[in-house]
Protein chains: 2
Amino acid sequence: MEGKDDVWGTPRLTRQIAFLMEIDRLKTVLRRTVLTDGSRRENTAEHSWHIAMMAMTLHEYVAEPKPDLSHTIKLLLVHDIVEIDAGDTFAYDTQGYSDKEEREQAAASRIFGLLEEDQAAEYRKLWREFEEMDTREALFAAAIDRLQPMLHNYYTEGYSWKENGVRHAQALRRIGFIDGVSPVLASFIQELLQRAVDRGFLES
Amino acid sequence: MEGKDDVWGTPRLTRQIAFLMEIDRLKTVLRRTVLTDGSRRENTAEHSWHIAMMAMTLHEYVAEPKPDLSHTIKLLLVHDIVEIDAGDTFAYDTQGYSDKEEREQAAASRIFGLLEEDQAAEYRKLWREFEEMDTREALFAAAIDRLQPMLHNYYTEGYSWKENGVRHAQALRRIGFIDGVSPVLASFIQELLQRAVDRGFLES
Ligand SMILES: [Ca+2]
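Just so it is clear, the model here is predicted, and its values are computed rather than measured.

Draft legend 1. Representation of the overall build of chain A. Within chain A, the secondary structure is distributed over 12 helices and 2 strands. Secondary structure elements of chain A, listed N to C terminal, follow the sequence α-β-β-α-α-α-α-α-α-α-α-α-α-α. Relative to a compact globule of 204 residues, whose C-alpha radius of gyration would be 17 Å, chain A shows 18 Å and is just as compact. Overall, chain A is about 60 × 40 × 30 Å in size when its C-alpha atoms are taken along their principal axes. Buried positions account for 58% of the 204 residues belonging to chain A. Taking all contacts inside chain A whose residues are at least 6 apart in sequence as the whole, residues at least 24 apart take part in 67%. Carbon and sulfur atoms form 48% of the exposed surface of chain A, whose accessible area is close to 8,100 Å². For chain A, the distance from the average site of its 25 positive side-chain charges to the average site of its 36 negative ones is 2 Å.

Draft legend 2. Main features of the pattern of salt bridges. Considering all chains together, one arrives at 42 salt bridges over all chains under this definition. With its nearest N and O atoms 3.1 Å apart, the salt bridge here joins E116 of chain B to R12 of chain B. Placement of the pair is E116 of chain B in the loop between α6 (100-112) and α7 (117-132) and R12 of chain B in helix α1 (residues 11-22), with a sequence separation of 104 residues. By relative accessible area, which is 25% here, E116 of chain B ends up partly exposed. Through salt bridges with shared partners, a single ionic network connects D24 and K27 of chain A together with R31, E42 and D88 of chain B.

Draft legend 3. Local environment of α6 of chain B. Residues and elements named next belong to chain B. Taking 1.5 Å of rise per residue, the 13 residues of α6 would be expected to cover 18 Å, and the 17 Å separating its terminal C-alpha atoms lies within 8% of that figure. Three or more residues of α6 are buried, namely K100, E104, A107, A108, I111 and F112. Buried residues of α6, seen end-on, are gathered within an arc of 105° and therefore sit on one face of the element.

Draft legend 4. Representation of the relation of the copies chain A and chain B in the model. Its rotation angle being 180°, the transformation that places chain A on chain B also includes 0.0 Å of axial translation and leaves an RMSD of 0.0 Å. The symmetry that links the two subunits is that of a two-fold axis. Within chain A, the C-alpha atom positioned nearest to the axis of rotation is that of E46 of chain A, 2.1 Å from it. The overlap is high: 100% of the interface residues of chain A also sit at the interface in chain B, so the same surface is used on both sides.

Reading the values: the criteria
Residues numbered from 1 in each chain as written. Chains lettered and ligands numbered in written order. Predicted model: local features only at pLDDT ≥ 70, side-chain atom pairs only at ≥ 80, totals over all residues. Heavy atoms only, no water. Helix = DSSP H or I, 4+ residues; strand = E, 2+ residues; numbered from the N terminus. Rg over C-alpha atoms; globule rule 2.2 N^0.38 Å. Buried < 20%, exposed > 50% of the residue type's maximum accessible area, 1.4 Å probe, protein only. Contact = heavy atoms within 4.5 Å. Areas by Shrake-Rupley, 256 points an atom, 1.4 Å probe, with all protein chains shown as cover. Lys, Arg positive; Asp, Glu negative; His and termini not counted. Charge placed at Lys NZ, Arg CZ, Asp CG, Glu CD. Salt bridge = Lys/Arg side-chain N within 4 Å of Asp/Glu carboxyl O. Expected span 1.5 Å × (residues − 1). Arc of directions from axis to C-beta. Least-squares fit on C-alpha atoms with pLDDT ≥ 70 in both.

So, in structure tokens, the structure goes:
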């Protein structure tokens, strides 16, 4: 990338521009999910946009007290940036999960650390909050982040479920917590998984 | 797409799911800009994520009274969805611009119209607000939307500038309004364009 080491108006701006150009790489991180037209695998940057739109569109279904939508969107936009270094860990990959935290911690330090400390800390905090699933916003964000690939799977006849031998019980375990976030979304996704089994998209 | 006409819990939810699956197509709308690694053209969904991150990261530079960041992010996430039907109109394509409004109006009616009227109206309003560039949020969003492809151009040695014969004066006209949004960002982008000319990335 030409001009990578360019210095701009201030050291702070220079670091911000370097960060913003570095995160362009999220567009080349591939997930297991394919686009709904089946044409290719989805990348993490476009996935991040899609889940932000899903949060906006489905926010009304979250139980009271409602999570703050804007904060939820920030969690969704930022939390996957660590995948630039750590890669996408497939949801059902227990092997990959064993060192996921360590890999992502190092990634968060390096990538957010391109920014000055106050802003690096802000983004690291959003990433941690998403991972810890302790706040209402983080729980809603996590629910959406799990719904999206299941929708894609359903609408592509179980493409990545089949490719990776995922079973109904495993998918159900991934969504157990959603009932506490939104009973409406929980029933929806349970129904979707049941239909997926009935149609042969997902192994029972 | 299998299951496209599925009915879910309520007519409202059914329409929301249909909308959310329809907008997946934004991932296949290609822009003129290439990724900073030069590997391929950028699609509009991943671009939408990138500009939302740029708004978060550069918000501090906007002149007082500051635009609301969350509202700006919503404008950025939603405004390009019309490209699913209308396609990406290249910034310097005067021909394409002559019927851009009409094509995008029809697209907004169809795509947002997949939703029930209250939500369709909300998204159409965000799209209109972005296009009209009247509010502080819309002006900041537009500034970011113009900065991003210029950064990509600079960091790819003027890839799409060269491919499309764009000249310095044309690029300058696109950013004239940014001085009123943020003098810091305006100087930054002017400096970037000047360096692009000096390095032979952009024709003077
Ligand atoms: Ca994720």
